[in-house]
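The primary structure of each chain is shown beneath.
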Amino acid sequence: MSPTPLTDLLGFDPHLVTLALAPAFFLAMAGEWWHLRGNQQRYPSAGYTWVDTISNMTLAGLYQASDVIAALLTIVVYNAFFDVRLFDIPFNGWTILMLFVVQDFVYYWFHRAHHRIRWFWCSHVVHHSSEKLNLSTAFRQSITYPITGMWLFWLPIVLIGFPPESVIFVVAMSLAYQFFIHTQVVGKLGVLEWFFNTPSHHRAHHGRNPIYIDRNYGGILIIWDRLFGTFVEEQEDHQPDYGIPRQIHTHNPVALNFHEWKDMFRDVCLPGLSLKQRLRLMFGPPEVANDVRGNRSQGESMERVKGIEPSS
């Protein structure tokens, strides 16, 4: 592939941006760890432990390996769509700013889908499965993201006419920014809380408290949550309880990556379900499965599943 203006400007392939930022990530983790050493009582769910940190790093390594393999196919698909793009968008400061906003808007819906559609949740659940929240939690990612199709969400941006390398770069920068909001040691940031996804907003997002579940999906900007009714503010009298509603207590990377897939296919294969019910167990909201389990354990009719609608 011939170099793009962005490749020339950066001096390296945009695919490598997160790798280039790795020293900054590890330096920030070291600083957070040092700060938390003397503040364990203030941040009981933030402290670093060897087993949790190694678990997060192992999941990150597996994710990176799968992402490298998936990228070989993804860039081919993106280039194919770019060849039939709708517009020829010039490369300048204004179009990069436009791409930043468009990508952040798409990221909001990508993230929301990964919470509200069980097929996508099977991958994203890995990121939420830690009962701790510190910077290392940002590394906690799933090996199955390429299978669930996360790369599909950015295809429309390429089809509009933004070069694939630029799209990949802006996505990578968004993810890099989000690394730094996985922390409990940074309080609220005043007026910035109105526009940007901050550590406070993201702490709420990771909470499994009822008031925090399925809220604050934004990447860099929080304005989409405010516009679409999914915003919640972190509350002092409701400190986030980190983890997932049906917590899995293991550091086994295989179990962490595949436990929700196992549960989903077990539910889909239950006897006596219609095709519509099986599809709903795969592509409906994750809580449908809880209702199915509850109904079956109580010996109730599966017809109740039909009445459940996803929350917004």
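Residues numbered from 1 in each chain as written. Predicted model: local features only at pLDDT ≥ 70, side-chain atom pairs only at ≥ 80, totals over all residues. Heavy atoms only, no water.

A word on the nonpolar core
Then comes step 1: Counting residues in each nonpolar core, the largest one holds 23 residues, and the members touching the most others are Tyr 78, Leu 99, Trp 154, Ile 157 and Val 167.
Then comes step 2: Those residues in contact with Trp 154 that lie beyond four places of it in its chain are Tyr 78, Gln 103, Val 106, Tyr 107, Phe 110, Val 167 and Val 171. (Core = buried A, V, L, I, M, F, W, Y, C linked by side-chain atoms within 4.5 Å. Buried < 20%, exposed > 50% of the residue type's maximum accessible area, 1.4 Å probe, protein only. Contact = heavy atoms within 4.5 Å.)

Looking at the packing of aromatic side chains
Then comes step 1: Counted by the stated rule, this structure contains 23 aromatic pairs.
Then comes step 2: Ring geometry for Trp 261 against Phe 265: centres 6.2 Å apart, planes inclined by 20°, an arrangement best described as stacked. Taken together, the residues Trp 261 and Phe 265, both in helix α12 (residues 253-268) and 4 residues apart, mark about one turn of the helix.
Then comes step 3: What makes Trp 261 buried here is its relative accessible area of 8%.
Then comes step 4: Taking the relative accessible area as the measure of exposure, Phe 265 reaches 39% and is therefore partly exposed.
Then comes step 5: In this arrangement the basic side chain of Arg 37 is found over the ring face of Trp 34, its NZ or CZ atom lying 4.6 Å from the centre.
Then comes step 6: The side chain of Arg 85 reaches across the aromatic face of Phe 82, ending 4.1 Å from its centre. (Phe/Tyr/Trp six-rings, centres within 6.5 Å; stacked < 30°, edge-to-face > 60°. Helix = DSSP H or I, 4+ residues; strand = E, 2+ residues; numbered from the N terminus. Lys NZ or Arg CZ within 6 Å of the ring centre and 35° of its normal.)

Focus on unusual backbone geometry
Negative phi values dominate among residues other than glycine, just as trans dominates among peptide bonds.
Then comes step 1: A positive phi angle, close to 60°, is found at Asp 214, a residue other than glycine.
Then comes step 2: With respect to the helices and strands, the residue Asp 214 is situated in the loop between α10 (199-206) and α11 (223-228).
Then comes step 3: Of note in this structure, Asn 216 is not a glycine but carries a positive phi near 55°.
Then comes step 4: Tracing the backbone shows Asn 216 in the loop between α10 and α11.
Then comes step 5: Judged by its relative accessible area of 0%, Asn 216 falls in the buried class.

Some words on empty space enclosed by the protein
Then comes step 1: Applying the stated criterion to the full structure yields 1 cavity of 30 Å³ or more.
Then comes step 2: In this structure, the largest cavity spans a volume of roughly 40 Å³.
Then comes step 3: If you trace the largest cavity, you find it lined by Ile 89, Pro 90, Phe 91, Thr 95, Ile 96, Leu 99, Phe 162, Pro 163 and Ser 166.
Then comes step 4: Of the residues forming the lining of the largest cavity, the biggest block, 3 residues, is contributed by helix α5 (residues 93-116). (1 Å grid on protein atoms, 1.4 Å probe; cavity = no way out; pocket = protein on both sides within 12 Å on 5 of 7 lines; lining within 4 Å. Points joined across faces, edges and corners; volume = space filled by probe spheres on them.)

Points about the environment of Asn 216
Then comes step 1: A C-alpha to C-alpha distance of 8.7 Å links Asn 216 and Glu 233, two positions 17 residues apart in sequence.
Then comes step 2: Setting aside chain neighbours within four positions, we find Asn 216 in contact with His 201, Ala 204, His 205, Ile 222, Asp 225, Thr 230, Phe 231 and Val 232.

Details of the layout of surface pockets
Then comes step 1: Its volume calculated, the largest pocket comes out at about 1300 Å³.
Then comes step 2: Every residue lining the largest pocket is counted, 46 residues in all, and those nearest its centre are Thr 18, Tyr 63, Gln 64, Asp 67 and Leu 175.
Then comes step 3: Put simply, the parts of the chain that give the lining of the largest pocket at least two residues each are α2 (17-20), α3 (22-37), α4 (50-83), α5, α6 (118-128), α7 (145-148), α9 (164-179) and α10.
Then comes step 4: No other element matches α4, which puts 13 residues into the lining of the largest pocket.

Bear in mind that shape data such as this cannot, by itself, settle questions of function.
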